[in-house]
Amino acid sequence: MPNGGVDEQIKFSSGHIAVMFISTKGLFKDEEKKVLNAILSSMDKNIDSVIFYGFCFGRYDLVVEFKENSAKVASNIVCDLQDKIVKTIQEEKREIKDPICSSLTLCNKISSNKIGSKDIINGCPIRTYTFLKPKIEGVKLEYVIKKLKPSMELFWTSSSYTFLLCTNGYNFSKVFSEILEFREDTRQYFSESCTYVGLAWAGEEEPVEEGIKVLTFVKLKACYGGLKLKPDEKVIWTMDKRLGWSDISLGTQKPTLREIKEKILELRKNHDEIANTSTLILPRERE
């Protein structure tokens, strides 16, 4: 890994942080809860190792983050969990083939003697995961660490993006603005970024006054046709057909991520023709 002159003050945690991103195939809220319960019950002996779990926006529907010293053990945990989850879901809905697909990211926390390595989540309902790809010239970690907000943590990963920035908060608009500011401050070091937004299963976030705008992309089981929205759904969603991997895009705007997630889950439950969904958040940049 290029380090651009990292000095001895920079420290990497010896233990790993494992982030399990889960994509579900059209599951309802009670079924997604069973997925999380299966994970938590399997990790019951080491429940203190669980850092964060809940909904996810982007390519994935759920996220679980936990501590594990061994990379091999973490990988085995995720594989075992996926098998257990599939069996749990298929017990009730056998017609769903491969109801979930998971992705594992292993990382080590980066800190320095000056900043330390304290836990800053403190029950925050929002936790974002921003993957950062360095430019080939390298990264000066001392500078990057100094640009971290109090709400942020930086991790090293073995993926092509190399770094993972986690940002915590109660208000999505504020969290988004902090990520944009960090990206602006470190633009000389990072060429690309990709962000997933995690929402804790429990806990309340602060509403965004101007609202949070989203596009929910819908994949239909039949791969053609449309959705016949109910009158109350038409008040919530605007709908357009599209070409691409998904067949329909639905737009809405709500003051909190939780309200948006609830509407997406209601939509899945009301329309059996939906195979799965993926949601893109379109926040406004704060001036």
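In this text, all values refer to a predicted model and were calculated from it rather than measured experimentally.

(A) Examining empty space enclosed by the protein more closely. Within this structure, the stated rule accounts for 3 cavities of 30 Å³ or more. Here the largest cavity defines a volume of roughly 40 Å³. Around the largest cavity sit Phe172, Ser173, Val208, Glu210, Gly211, Ile212, Pro283 and Arg284, which together line it.

(B) Highlighting the packing of helix α1 (residues 29-42) against helix α2 (residues 71-90). Contact geometry of α1 with α2 gives a least axis separation of 10 Å together with a crossing angle of 140°. Relative to α2, the element α1 lies oblique. Between α1 and α2 the crossing geometry is right-handed. Across the interface between the two elements, Glu31, Val35, Ala38, Ile39, Ser41 and Ser42 from α1 touch Leu81, Lys84, Ile85, Thr88 and Ile89 from α2. Split by residue class, the contact of α1 with α2 holds 6 nonpolar, 3 polar and 2 charged.

(C) Region of the structure containing the environment of Trp156. Within the secondary structure, Trp156 is located in strand β7 (residues 152-157). The class for Trp156 is partly exposed, based on a relative accessible area of 27%. Taking the C-alpha atoms as reference points, Trp156 and Leu132, separated by 24 residues in sequence, lie 9.8 Å from one another.

(D) Focus on helix α4 (residues 172-185). Given a rise of 1.5 Å per residue, 14 residues ought to cover 20 Å, and the 20 Å separating the end C-alpha atoms of α4 matches this to within 8%. Residues of α4 that are buried include every one of Phe172, Ser173, Val175, Ser177, Glu178, Ile179, Phe182 and Arg183, and no others. For α4, the N-terminal capping position is held by Asn171, with its side-chain oxygen 3.0 Å away from the main-chain nitrogen of Ser173.

(E) Examining α2 more closely. For α2, which comprises 20 residues, the first-to-last C-alpha distance of 29 Å matches the rise-based estimate of 28 Å (1.5 Å per residue) to within 8%. Three or more residues of α2 are buried, namely Ala74, Val78, Leu81, Ile85, Val86 and Ile89. Projection of α2 onto a plane perpendicular to its axis shows the buried side chains occupying an angular sector of 130°, all on one side. Opposite the buried face of α2, at more than 90 degrees from it, the exposed residues are Lys72, Asp80 and Lys87.

(F) Representation of unusual backbone geometry in the model. The phi dihedral of Thr162 falls on the positive side, at around 70°, and the residue is not glycine. Here Thr162 is to be found in the loop between β7 and β8 (163-169). We classify Thr162 as buried; its relative accessible area is 15%.

Here is what the cut-offs are and how they apply
- Residues numbered from 1 in each chain as written.
- Predicted model: local features only at pLDDT ≥ 70, side-chain atom pairs only at ≥ 80, totals over all residues.
- Heavy atoms only, no water.
- 1 Å grid on protein atoms, 1.4 Å probe; cavity = no way out; pocket = protein on both sides within 12 Å on 5 of 7 lines; lining within 4 Å.
- Points joined across faces, edges and corners; volume = space filled by probe spheres on them.
- Axes fitted to C-alpha atoms, helices over the stretch in contact; angles between N-to-C directions.
- Helix = DSSP H or I, 4+ residues; strand = E, 2+ residues; numbered from the N terminus.
- Parallel < 35°, antiparallel > 145°, perpendicular 65-115°, else oblique.
- Left-handed = near helix turned anticlockwise from the far one by under 90°.
- Contact = heavy atoms within 4.5 Å.
- Nonpolar A, V, L, I, M, F, W, Y, C, P; charged D, E, K, R; others polar.
- Buried < 20%, exposed > 50% of the residue type's maximum accessible area, 1.4 Å probe, protein only.
- Expected span 1.5 Å × (residues − 1).
- Polar contact = N/O pair within 3.5 Å; in protein donor to acceptor, adjacent residues only side chain to side chain.
- Arc of directions from axis to C-beta.

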